[in-house]
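Inside the fold
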Amino acid sequence: NIYFGTSLNSNLSSYGEIVSYGRKGGIIGGTSYSEKGYCLPNLGNPVGTNTTLLLGTNDNIRSQRIAIKNKIADIKTMLTRLTAVYNTFCEKTIYTNPDVNNLLQKAEHAIAVQNEALEYAYQKMDALEKRQTRACQSKIIVEQNVYDNVQVHYMSKKITAIPSTQVAILIKKDSLVMEKLYSCDPQTA
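Along each chain, the written sequence defines residue order, and numbers are assigned to residues from 1. Per-residue local features of the predicted model are confined to residues with pLDDT of at least 70, and side-chain atom pairs are confined, for both listing and counting, to 80 or more; whole-chain, interface and lining totals are unaffected and use all residues. Hydrogens and water are ignored here; the side-chain numbers use all heavy atoms of the structure.

**Notes on the overall build of the protein chain**
Helical segments are the DSSP runs of H or I of at least four residues, strand segments are the runs of E of at least two, and each set is numbered from the N terminus. When its secondary structure is counted, the protein chain shows two helices and eleven strands. Along its sequence from the N terminus, the protein chain presents helices and strands in the succession β-β-β-β-β-β-α-α-β-β-β-β-β. Summary of the burial criterion: residues with accessible area below 20% of their type's maximum are buried, those above 50% are exposed, and those between are partly exposed, where the area comes from a 1.4 Å probe applied to protein chains only. A total of 189 residues make up the protein chain; the buried ones form 38% of that total. Residue contacts follow a heavy-atom distance rule, with two residues in contact if any of their heavy atoms lie within 4.5 Å. Counting only contacts in the protein chain whose residues sit at least 6 apart along the sequence, the fraction spanning at least 24 positions is 40%.

Now the structure itself:
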């Protein structure tokens, strides 16, 4: 989590929340990334300084998920091939030749290594999916003013925030929605 009074033309990044305190605080200019959300008195400024908020999972997490999915597919293909060759070899071979026994042991080891790699890839994928699930629950709470030239991004979605007061920007059905704070459930806001 990041806590501050006012952020001016800064690049903030947090896997937790970004929270600004004080009546006049907030984020003015720059680009900020938060996985869990923001709580701010103000967003932008009356002059209209370009301010960008990135919410939820970032491109790096998405590209990691794609890379891990591809790695899992590659490992499964390799395991299928190794197992087929190993089983075919076992069915047709007499175990009296030391070279054959050595090859079978190497194949068994390769299968075990691929199984461990697959298990590790699944663990990494689970961790990334948990982060992405948390990110879908992210929100931006602006207690006072949202000014002009504020953009909010969530995954490939983008909205230009409308100048307003007391709003929440929420993720609903994979879209960004801007609502007045008084219409939000007080337990989730």
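There's more to say after this.
**Remarks on the environment of Glu 35**
With respect to the helices and strands, the residue Glu 35 is situated in the loop between strand S4 (26-34) and strand S5 (37-43). Sequence separation between Glu 35 and Gly 56 is 21 residues, and the spatial gap between their C-alpha atoms is 4.3 Å. Pairs of N or O atoms within 3.5 Å make up the polar contacts considered here, provided that, within protein, one atom can donate a hydrogen while the other can accept it, and that residues adjacent in sequence are counted only when both atoms are side-chain atoms. Here the side chain of Glu 35 touches Tyr 33 through a polar contact of 3.3 Å, side chain to side chain.

**Structural notes on the side chain of Ser 20**
By secondary structure assignment, the location of Ser 20 is in strand S3 (residues 17-20). Among the residues examined, Ser 20 registers a relative accessible area of 5% and is labelled buried. Polar side-chain contacts of Ser 20 include one of 2.9 Å to the backbone nitrogen of Gly 26. Beyond its immediate stretch of four places on either side in the chain, Ser 20 contacts Phe 4, Gly 5, Gly 25, Gly 26, Cys 39, Leu 40 and Pro 41.

**So, the confidence of the model for the protein chain**
Averaged over every residue, the pLDDT of the protein chain is 79; residues scoring 70 or more account for 82%. A score from 0 to 100, pLDDT tells how confident the predictor is in each residue. Contacts from residues 183-189, a stretch scored under 50 in pLDDT, to residues over four places away or in other chains number seven contacts.

**Structural notes on the nonpolar core**
Counting 21 residues, the largest nonpolar core has Ile 27, Tyr 38, Leu 43, Leu 53, Ile 140, Val 152 and Leu 176 as the members making the most contacts within it. Excluding anything up to four places from it in sequence, Ile 27 contacts Phe 4, Ser 7, Leu 12, Ile 18, Ser 32, Tyr 38, Leu 40, Asn 42, Leu 43, Gly 44, Thr 51 and Leu 53. The criterion is simple. A nonpolar core is a set of buried Ala, Val, Leu, Ile, Met, Phe, Trp, Tyr and Cys residues joined through side-chain atoms within 4.5 Å. Ranked by size, the runner-up nonpolar core spans 14 residues in total, among them Cys 90, Val 100, Leu 104 and Ala 107.

**Examining the environment of Ile 162**
Assignment of secondary structure puts Ile 162 in the loop between strand S9 (157-160) and strand S10 (164-172). Sequence-wise, Ile 162 and Gln 151 are eleven residues apart; in three dimensions their C-alpha atoms are separated by 9.3 Å. Apart from residues no more than four positions distant in its own chain, Ile 162 is found in contact with Val 146 and Met 178.

**What about the pairing of strand S8 (residues 150-154)?**
When a strand is regular, its side chains alternate between the sheet's two faces. Only one face of S8 is covered, namely the face carrying Val 150, Val 152 and Tyr 154; the face carrying Gln 151 and His 153 is uncovered. The pairing of strand S6 (residues 51-55) with S8 spans five bridges and is classified as parallel. What sits directly across from Leu 54, in S8, is His 153. Any two strands with at least two DSSP-identified bridges between them are counted as paired. Direction of pairing for S8 relative to S9: antiparallel, over a ladder of four bridges. Within the sheet, the bridge partner assigned to Tyr 154 lies in S9 and is Lys 157.

**Focus: the pairing of S4**
Among the nine residues that make up S4, seven are buried, leaving the element largely enclosed by the rest of the structure. In this structure, S4 lies alongside S5, joined through two bridges in parallel fashion. By the bridge assignment for S5, Gly 26 is matched with Asn 42. Bridge count for S4 against S6 is five bridges, and the pairing is parallel.

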